[in-house]
2 protein chains.
Amino acid sequence: MNPTRRTYSIGELAREFDITTRTIRFYEDQGLLAPGRRGQTRVYSPADRVTLMLVLRGKRLGFSLAESRQLIEMYQPEGNEKQLQALLDKIRQRRQQLARQLEDIATMQRELDEAESRCVNAMQELETP
Amino acid sequence: MNPTRRTYSIGELAREFDITTRTIRFYEDQGLLAPGRRGQTRVYSPADRVTLMLVLRGKRLGFSLAESRQLIEMYQPEGNEKQLQALLDKIRQRRQQLARQLEDIATMQRELDEAESRCVNAMQELETP
DNA sequence: GGGTAAGTTTACGTTAACGTAAACGTTATG
DNA sequence: CATAACGTTTACGTTAACGTAAACTTACCC
């Protein structure tokens with residue numbers, strides 16, 4: 001009957017994702033999260049948890065919180081024609097950026113391979129003088 | 001006879017990469033660049049230019065300048081056994097991180113596809129009430 | 001020789017993303 | 001009932017990565 005029965009405390013989420021509760025509250029301050037309340041205490045739904053994961057993934061890719069907020073907005077497309085168009089544009093920009101990051105990663109992986117080779121070589125030259 | 005004849009001024013590099021000269025000097029301050037000098041004036045070699053590209057690529061992937069500095073150090077492996085081992089460890093860590101970023105990007109690309117679908121749907125529902 | 005375009009150093013200012021600490025409520029546990 | 005273990009708000013502090021501005025030198029142009 002209740003599709004989202006489980007809830008989370010701020011401490012649980014902090015432990016799960018290895019961040020501080022301060023960070024989670026800060027994200028709420030920035031409008032990235034909007035948990036429920038039981039009295040004073042924050043209560044996080046599974047959806048809130050997913051949102052948090054989204055933000056942290058964005059961080060790993062070098063996104064700012066403002067950019068992550070845009071990503072979150074993409075999950076619930078609303079507004080008039082103009083706003084939806086703007087959203088589509090943002091989606092395409094993100095795709096462009098991700099494509100570029102893929103290139104960058106590929107390049108960097110090759111360079112790491114080379115760096116490892118040089119490193120191993122340098123070690124062998126130390127062993128056999 | 002001279003393998004690296006060409007040089008660059010700070011302004012040239014700034015224009016090419018669409019950054020400010022302040023940024024380039026800041027990177028030097030942080031030990032990421034070490035250009036030559038002709039009198040007072042900084043003179044950048046092709047190698048300096050490559051280093052700069054490396055830093056900027058790192059930035060696009062969300063690396064800090066400290067991390068980029070480590071990447072640069074990987075280009076000239078030196079030191080004793082212990083230092084080289086440490087370098088190898090760092091290389092492996094970076095590879096791990098890049099692998100994770102690849103996953104993140106793949107996931108995010110799928111989500112962007114879905115977001116675009118929802119967006120297009122929302123627009124069509126506006127057109128046909 | 002007066003401008004202007006590029007370079008220089010020095011130094012204070014700013015923004016994002018939290019850290020840290022104080023001061024306080026609420027459960028629950030020995 | 002005291003003392004952890006968790007939660008809360010409020011507020012000042014910190015770090016990275018530059019921005020901005022002042023005050024100056026050097027080179028070139030007309």
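Figured I'd write up the structure that's included with this text. (Residues numbered from 1 in each chain as written. Chains lettered and ligands numbered in written order. Predicted model: local features only at pLDDT ≥ 70, side-chain atom pairs only at ≥ 80, totals over all residues. Heavy atoms only, no water.)

1. Some thoughts on the protein's contact with DNA strand C
Every one of the 17 residues lining DNA strand C counts as a neighbour, but Thr 20 and Tyr 27 of chain A together with Gly 11, Arg 25 and Arg 42 of chain B are closest to it. Within 4 Å of the protein, the contacting atoms of DNA strand C are drawn from sugar and phosphate to the extent of 67%. Thr 20 of chain A is positioned such that a nitrogen or oxygen atom in its side chain is 2.8 Å from a phosphate oxygen of DNA strand C. Counting only elements with at least two residues in the surface near DNA strand C, the list comes to α2 (21–29) of chain A together with α1 (10–17), α2 (21–29) and β2 (41–43) of chain B. (Near = heavy atom within 4 Å. Polar contact = N/O pair within 3.5 Å; in protein donor to acceptor, adjacent residues only side chain to side chain. Helix = DSSP H or I, 4+ residues; strand = E, 2+ residues; numbered from the N terminus.)

2. Digging into the pattern of salt bridges
Oppositely charged side chains can pair when the atoms bearing their charge come close. For the structure shown, the criterion picks out 18 salt bridges over all chains. Here Glu 116 of chain A and Arg 95 of chain B are joined by a salt bridge, their closest N and O atoms 2.1 Å apart. You can see Glu 116 of chain A sitting in helix α5 (residues 81–127) and its partner Arg 95 of chain B sitting in helix α5 (residues 81–127), one on each of two chains. The exposure class of Arg 95 of chain B is partly exposed, given its relative accessible area of 24%. With a closest N to O distance of 2.6 Å, Glu 16 of chain B and Arg 49 of chain B form a salt bridge. Here the residue Glu 16 of chain B occupies a position in helix α1, and Arg 49 of chain B occupies one in helix α3 (residues 46–60), the gap between them amounting to 33 residues. According to the relative accessible area criterion, Glu 16 of chain B is partly exposed, its value standing at 40%. (Salt bridge = Lys/Arg side-chain N within 4 Å of Asp/Glu carboxyl O. Buried < 20%, exposed > 50% of the residue type's maximum accessible area, 1.4 Å probe, protein only.)

3. Considering the protein's contact with DNA strand D
Residues in contact with DNA strand D amount to 17 residues; listed here are only the nearest, Gly 11, Arg 25 and Arg 42 of chain A together with Thr 20 and Tyr 27 of chain B. Counting only the atoms of DNA strand D within 4 Å of the protein, the fraction contributed by sugar and phosphate is 67%. One of the side-chain nitrogen or oxygen atoms of Thr 20 of chain B is found 2.8 Å away from a phosphate oxygen of DNA strand D. Here Thr 23 of chain B contributes a side-chain N or O atom positioned 3.3 Å from a phosphate oxygen of DNA strand D. Elements represented by at least two residues in the surface near DNA strand D include exactly α1 (10–17), α2 and β2 (41–43) of chain A together with α2 of chain B. Broken down by element, the surface near DNA strand D gets its largest block of residues, 4 residues, from α2 of chain B. For the surface near DNA strand D, the class distribution of residues is 4 nonpolar, 7 polar and 6 charged. (Nonpolar A, V, L, I, M, F, W, Y, C, P; charged D, E, K, R; others polar.)

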